[in-house]
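Now for the letters of each chain:
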Amino acid sequence: MTSASPETPQDGRWAFLDPVILGVLIFDGFLCAVLSVIFLPSYLGTTPFPVSILVAAVVNLALVIAARTVTTTGKAALPLAGWIAGFLFCMVGGPGGDVLVLSSPLTFLLLVGALAPAIVFLFRVASKALASTGTSKRS
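The model shown is predicted, which means the values in this text are computed figures rather than measured ones.

**Some details on the packing of aromatic side chains**
All chains considered together, the criterion is met by 2 aromatic pairs. Measuring from ring centre to ring centre gives 5.8 Å for Phe30 and Phe89, while their planes differ by 45 degrees; the resulting arrangement is tilted. Taken together, the residues Phe30 in helix H1 (residues 18-38) and Phe89 in helix H3 (residues 78-91) connect sequence positions 59 residues apart. Among the residues examined, Phe30 registers a relative accessible area of 27% and is labelled partly exposed. The exposed category is assigned to Phe89, whose relative accessible area is 52%.

**What about the packing of helix H2 (residues 51-70) against H3?**
Two measures define how a pair of helices packs: the angle their axes make with one another and the distance between the axes. At a closest axis distance of 8 Å, the pairing of H2 and H3 adopts a crossing angle of 140 degrees. Between H2 and H3, the contacting residues are Ala56, Asn60, Leu63, Val64 and Ala67 on the first element and Pro79, Leu80 and Trp83 on the second. Looking at the contact of H2 with H3, its residues break down into 7 nonpolar, 1 polar and no charged.

Parameters at a glance
Residues numbered from 1 in each chain as written. Predicted model: local features only at pLDDT ≥ 70, side-chain atom pairs only at ≥ 80, totals over all residues. Heavy atoms only, no water. Phe/Tyr/Trp six-rings, centres within 6.5 Å; stacked < 30°, edge-to-face > 60°. Helix = DSSP H or I, 4+ residues; strand = E, 2+ residues; numbered from the N terminus. Buried < 20%, exposed > 50% of the residue type's maximum accessible area, 1.4 Å probe, protein only. Axes fitted to C-alpha atoms, helices over the stretch in contact; angles between N-to-C directions. Contact = heavy atoms within 4.5 Å. Nonpolar A, V, L, I, M, F, W, Y, C, P; charged D, E, K, R; others polar.

What follows is the structure in structure tokens.
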């Protein structure tokens, strides 16, 4: 049997949930940024151990892949926009002038390391889509 289950994107019965799911994924990106900034200065004994960079990279990639299942490739980058908004939110000083984002090389590594895998994935998907439309137009 090859009938489509209700969870498949081809079935229109659950399509109204797609914007809600995308909104939750954007919020998850925001939350991932805040948590990765909070756990960035973590230590393993006396050694700095910024595992939140790796976790943020994996989570952002998973969020983008999940967003692609409910929307187009262009809108699939919206969880990354949520992550950037969360990162910028952490850069704003609090009531006592406290700032969560430290001025250290780890902050730059977090910014690049958390966004790079998802951006590379989106670039590869977009380039494959352009290549497939280019070959179909030639034939």
